[in-house]
Amino acid sequence: MDSLTPLRAFRRIVELGSIARAADALDLSSAALSKQLRALEAQLGAVLIQRTTRRMSLTDTGRAYYAECCRLLDGFDTLEQSVRAQSEQVTGRLRVNAPLSFALSTLAPLLARFMQRHPQLQIDLSMEDRLVDAVGQGFDVSIRLSAELADSSLIARRLASLSQMLCASPAYLQQHGRPASVAALRDHALLNYSLAQADDGLQVPSEARASVNNSLMLRELLVAGMGIGALPSFLARPAIAQGQLEALSLQDWAEPPRHVYVVYPTQRHLLPKVRAFVDFLAEALPVAMDGDS
């Protein structure tokens, strides 16, 4: 029982004019409510309500105490409602970490929509292809592209899926031919994403002609006809649709699937700004990644 419970019970008795009616309203027994009233009077050392078998009435002390109870309870309720309303507003600064290529190609238009929806929110976006310590660096939300996430103290929510697509430009394929197997890649110029996880990259029996740590740069090299490489589908598909790249299918290489996760620190009460951003991504990202979700 909190310290305001006896005050609320006393106020209810006075307003309803009966312990029995007040007990019904509070879902208590009359005996239990009478016990609360006696305990309150004992604590105060004063009689608040004169009770007989036929009627009850406030004493002078009870009348003054009732007025003060109403003032305090109304003030507390107003304060509680104000704090609750503030806690539900999407305000403050939201620190987000995301892979550079994904942020520029896919997240940017979604982030603009989210900011328009929540004009009182400030966004601090850090774009980094390397995996960062989200908690240690103070990020509220981190977006990760991975086949699977290692166990951690973070909460992870899977939002969408994507694949790795082996690509080359039409000009390169016209000049050097189209490989049909992994072994045939030995005779081609290969371009590699250096930050690929072991299960994400293309394992080929040849030295890469170029190794870059950014997928956008890798795409530009592929479009320029510098060789063959694997791109995430959110970068490969637009270039293929525009005729800049062609997808290759090798008989002994399967496209390893990856997923888009949003991760955030474990909290008993999730901050409204984090909850709003995570829910927004869960709704908007699969649509934005048409064909990959």
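Quick notes on the rules
Residues numbered from 1 in each chain as written. Predicted model: local features only at pLDDT ≥ 70, side-chain atom pairs only at ≥ 80, totals over all residues. Heavy atoms only, no water. Helix = DSSP H or I, 4+ residues; strand = E, 2+ residues; numbered from the N terminus. Contact = heavy atoms within 4.5 Å. Areas by Shrake-Rupley, 256 points an atom, 1.4 Å probe, with all protein chains shown as cover. Axes fitted to C-alpha atoms, helices over the stretch in contact; angles between N-to-C directions. Parallel < 35°, antiparallel > 145°, perpendicular 65-115°, else oblique. Left-handed = near helix turned anticlockwise from the far one by under 90°. Nonpolar A, V, L, I, M, F, W, Y, C, P; charged D, E, K, R; others polar. Buried < 20%, exposed > 50% of the residue type's maximum accessible area, 1.4 Å probe, protein only. Phe/Tyr/Trp six-rings, centres within 6.5 Å; stacked < 30°, edge-to-face > 60°. Lys NZ or Arg CZ within 6 Å of the ring centre and 35° of its normal. Pairing = 2+ DSSP bridges. Bend = angle between axes of the 7 residues up to and from the residue. Core = buried A, V, L, I, M, F, W, Y, C linked by side-chain atoms within 4.5 Å.

Caption draft 1: Inspection of the overall build of the chain at higher detail. Across its full length, the chain holds nine helices and 11 strands. Contacts spanning at least 24 positions in sequence make up 72% of the contacts within the chain whose residues lie at least 6 apart. Total accessible area on the chain stands at roughly 16,100 Å², and carbon and sulfur atoms take up 49% of it.

Caption draft 2: The arrangement of the packing of helix 1 (residues 5-16) against helix 3 (residues 30-44) in detail. At a minimum axis separation of 10 Å, helix 1 and helix 3 run at an interaxial angle of 115°. Relative to helix 3, the element helix 1 lies roughly perpendicular. Between helix 1 and helix 3 lies a crossing of left-handed hand. Here Thr5, Pro6, Ala9, Phe10 and Ile13 of helix 1 lie close against helix 3, whose contacting residues are Leu33, Gln36, Leu37 and Leu40. Residues that form the contact of helix 1 with helix 3 fall into these classes: seven nonpolar, two polar and no charged.

Caption draft 3: Seen up close, the environment of glutamine 137. With respect to the element layout, glutamine 137 can be found in the loop between strand 4 (121-127) and strand 5 (141-146). The exposure class assigned to glutamine 137 is partly exposed, which follows from its relative accessible area of 42%. Between the alpha carbons of glutamine 137 and asparagine 97 there is a distance of 9.7 Å; along the sequence they are 40 residues apart. Sequence-distant contacts of glutamine 137, defined by excluding residues within four places in its chain, comprise Arg95 and Val132.

Caption draft 4: Structural view of the packing of aromatic side chains. One pass over the structure, following the stated rule, counts four aromatic pairs. Between phenylalanine 102 and phenylalanine 234, the aromatic rings sit 5.2 Å apart at their centres with planes inclined by 85°, giving edge-to-face as the arrangement. With phenylalanine 102 in helix 5 (residues 100-117) and phenylalanine 234 in helix 8 (residues 233-241), this residue pair connects regions lying 132 residues apart in the sequence. Each of the two residues, phenylalanine 102 as well as phenylalanine 234, counts as buried. Centre to centre, the rings of phenylalanine 114 and phenylalanine 277 are 5.0 Å apart; their planes meet at 65°, and the pair counts as edge-to-face. With a gap of 163 residues between them, phenylalanine 114 in helix 5 and phenylalanine 277 in helix 9 (residues 272-288) connect regions that are remote in the sequence. Phenylalanine 114 gets classed as buried once you look at its relative accessible area, which sits at 1%. Through successive ring pairs, a cluster of aromatic residues spans Phe114, Phe277 and Phe280. The ring of phenylalanine 139 has arginine 95 lying over it, and the distance from NZ or CZ to the ring centre is 4.6 Å.

Caption draft 5: How the structure looks around the pairing of strand 11 (residues 257-265). When you tally the buried positions in strand 11, you get seven out of nine residues, the bulk of the element. Where strand 6 (residues 154-168) lies against strand 11, nine bridges are found, and the strand directions are antiparallel. Paired with serine 163 across the bridge in strand 11 is proline 257.

Caption draft 6: View of the packing of helix 5 against helix 9. The N-to-C vectors of helix 5 and helix 9 enclose an angle of 125°; their axes lie 10 Å apart at closest approach. It follows that helix 5 is oblique to helix 9 by the angle criterion. Our pair here, helix 5 against helix 9, has a crossing hand that is right-handed. Residue-level contacts link Phe102, Thr106, Leu107, Leu110, Leu111, Arg113, Phe114 and Arg117 of helix 5 to Lys273, Ala276, Phe277, Phe280, Leu281, Glu283, Ala284, Leu285 and Ala288 of helix 9. Taken together, the residues of the contact of helix 5 with helix 9 sort by class into 12 nonpolar, one polar and four charged.

Caption draft 7: Highlighting helix 5. Helix geometry: helix 5 is bent most strongly at leucine 107, by close to 60°, with proline proline 109 lying one to four residues after it. Buried within helix 5 we find Ser101, Phe102, Ala103, Thr106, Leu107, Leu110, Leu111 and Phe114.

Caption draft 8: Region of interest: the nonpolar core. Among the nonpolar cores identified, the biggest contains 33 residues, and Leu94, Phe102 and Val260 are the most heavily contacted of them. At the level of elements, strand 3 (92-98), helix 5, strand 4, strand 5, strand 6, helix 8, strand 11 and helix 9 are the ones that each hand at least two residues to this core. Among the elements that line this core, the one with the most residues is helix 9, at eight residues. In contact with leucine 94, not counting residues within four places along its chain, are Phe114, Leu121, Gln122, Ile123, Asp124, Asp140, Val141, Lys273, Val274 and Phe277.

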